Amino acid sequence: MRAVDPSGSAHPAYTIGLIGAGIQGSLSPLLHTRAAARHGLRCHYRLLDLKEPGTAGAPELVARARAEGLRGVGVTHPCKQSVLPVLDRLSPEAEAIGAVNTIVFDAQGATGHNTDGTGFMASLRHGLPGARLDRVAVLGAGGAGAAVAHALLAGGARRLTVLDADPAPAGRLAARLSAGFGGDRVRDAPLTTLAAVLERATGLVNATPVGMPGSPGCPVPARLLRPGLWVADLVYRPAETELLSLAGKAGCPTLPGGGMLVFQAVEGFRLFTGIRPDARRMLADLATAV
Ligand code: NAP
């Protein structure tokens with residue numbers, strides 16, 4: 001028999017949230033609440049926005065969410081590392097990446113997970129099933145770049161190069177990945193060598209914000225795009241970024257960022273509810289919203 005929640009609804013209810021800055025336009029509430037409804041659940045989704053007047057820092061928001069009985073929270077920019085000190089445990093992926101995008105509260109405490117990397121790999125396998133992982137370039141060494149680079153290496157990338165406008169985070173990320181996967185598989189390279197790196201690459205991931213409405217443009221000169229190079233953008237709004245448009249015209253197989261958003265939410269939904277939702281229906285939900 002179906003449990004009855006305290007509101008009297010026949011649909012069991014739970015509350016989750018999202019911690020981050022400038023998250024009022026997030027698509028996560030839509031993805032989670034629609035998937036929940038398909039499983040006979042009522043998901044209340046709260047936005048815990050750092051930029052709202054009077055809101056506390058990320059660790060305080062985690063503590064508040066836990067105290068108020070939320071089942072868990074998603075975590076987005078710029079909080080993926082600043083929440084780490086208040087967590088009780090980390091999943092192996094979150095530990096290796098050094099950042100979390102999902103926190104689950106239960107009797108054992110607060111556990112941090114990172115579903116960004118596995119979400120990217122699921123999207124890559126779904127959207128570009130034949131993508132060769134011989135030599136992959138990851139542009140952008142922030143939180144998203146770190147998660148994707150880790151997942152690519154765990155998923156079989158033979159050689160991976162990290163580039164960033166700032167060489168320091170690229171160097172730190174390459175050193176961290178080398179420790180786990182071996183220095184012969186990972187290196188960092190200055191942005192000035194992008195042309196040489198892409199000449200030999202089989203794949204390129206844009207893990208910078210360039211292409212979003214707030215950072216318009218293309219992070220890679222169009223002349224470096226060629227058939228034989230698959231191009232993935234983590235930016236998901238707009239669905240077709242300038243990079244993907246130029247890459248498509250150059251004959252590159254392309255992968256928009258919406259797939260990663262959906263597949264990381266698929267895994268987040270499973271962590272919150274124990275149920276694996278239908279990714280295809282969540283992709284359709286996203287398509288109607290973007
Ligand atoms: P972040 O922490 O700000 O990292 C971005 C990095 O890229 C920074 O180190 C930045 O350097 C560097 N960068 C900026 N412009 C560059 C350029 N033209 N060339 C080379 N490097 C450049 O951001 P993030 O949290 O990793 O997110 C990156 C992007 O991924 C965002 O657009 C975000 O929306 C997207 N994302 C998508 C998903 C998804 O599910 N699809 C999930 C997570 C993130 P500076 O700091 O020096 O500028």
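Here's a quick rundown of the structure.

### Digging into the environment of Pro277
Among the structural elements, Pro277 can be located in the loop between helix H9 (258-273) and helix H10 (279-289). Under the relative-accessibility criterion, Pro277 is labelled buried at 7%. Once the C-alpha coordinates of Pro277 and Glu267 are considered, the two residues, 10 residues apart in sequence, prove to be 8.5 Å apart. Ignoring any residue separated from it by four or fewer positions in sequence, one finds Pro277 in contact with Ala35, His39, Val266, Phe269 and Met282.

### What about the sheet that holds strand S7 (residues 135-139)?
Across the sheet, 6 strands lie side by side as S9-S8-S7-S10-S11-S12; this open sheet has parallel pairing. Two strands in the sheet have a free side with no partner beyond their single neighbour: strand S9 (186-188) and strand S12 (254-255). Alignment of strand S11 (residues 230-233) against S12, held across 2 bridges, turns out to be parallel. Looking at S12, one finds that Val231 is bridged to Thr254. Its contacts with the sheet place helix H6 (residues 167-181) against strand S8 (159-163) and S9, and it is angled at close to 170 degrees to S9.

Here is what the cut-offs are and how they apply
For every chain, the first residue of its written sequence is number 1, and the numbers climb from 1 along that sequence. Given that the model is predicted, a residue must reach a pLDDT of at least 70 before its local features are reported, and side-chain atom pairs must reach 80 or more before they are shown or counted; all residues, however, enter totals for whole chains, interfaces and linings. Only heavy atoms go into the side-chain values, all of them from the structure, while hydrogens and water stay out. Helix numbering and strand numbering both begin at the N terminus, where a helix is a DSSP run of H or I of at least 4 residues and a strand a DSSP run of E of at least 2. For every residue, the accessible area (1.4 Å probe, protein chains only) is compared with the maximum for its type, and the residue is labelled buried under 20%, exposed over 50%, or partly exposed between those bounds. Whether two residues touch is decided by their heavy atoms; if any such pair falls within 4.5 Å, the residues are in contact. The pairing criterion for strands is at least two bridges between them, as found by DSSP. Lines fitted to the C-alpha atoms define the axes, with helices restricted to the stretch that makes contact. Angles between their N-to-C directions range from 0 to 180 degrees.

The quantities given are spatial measurements derived from coordinates; they are silent on function.
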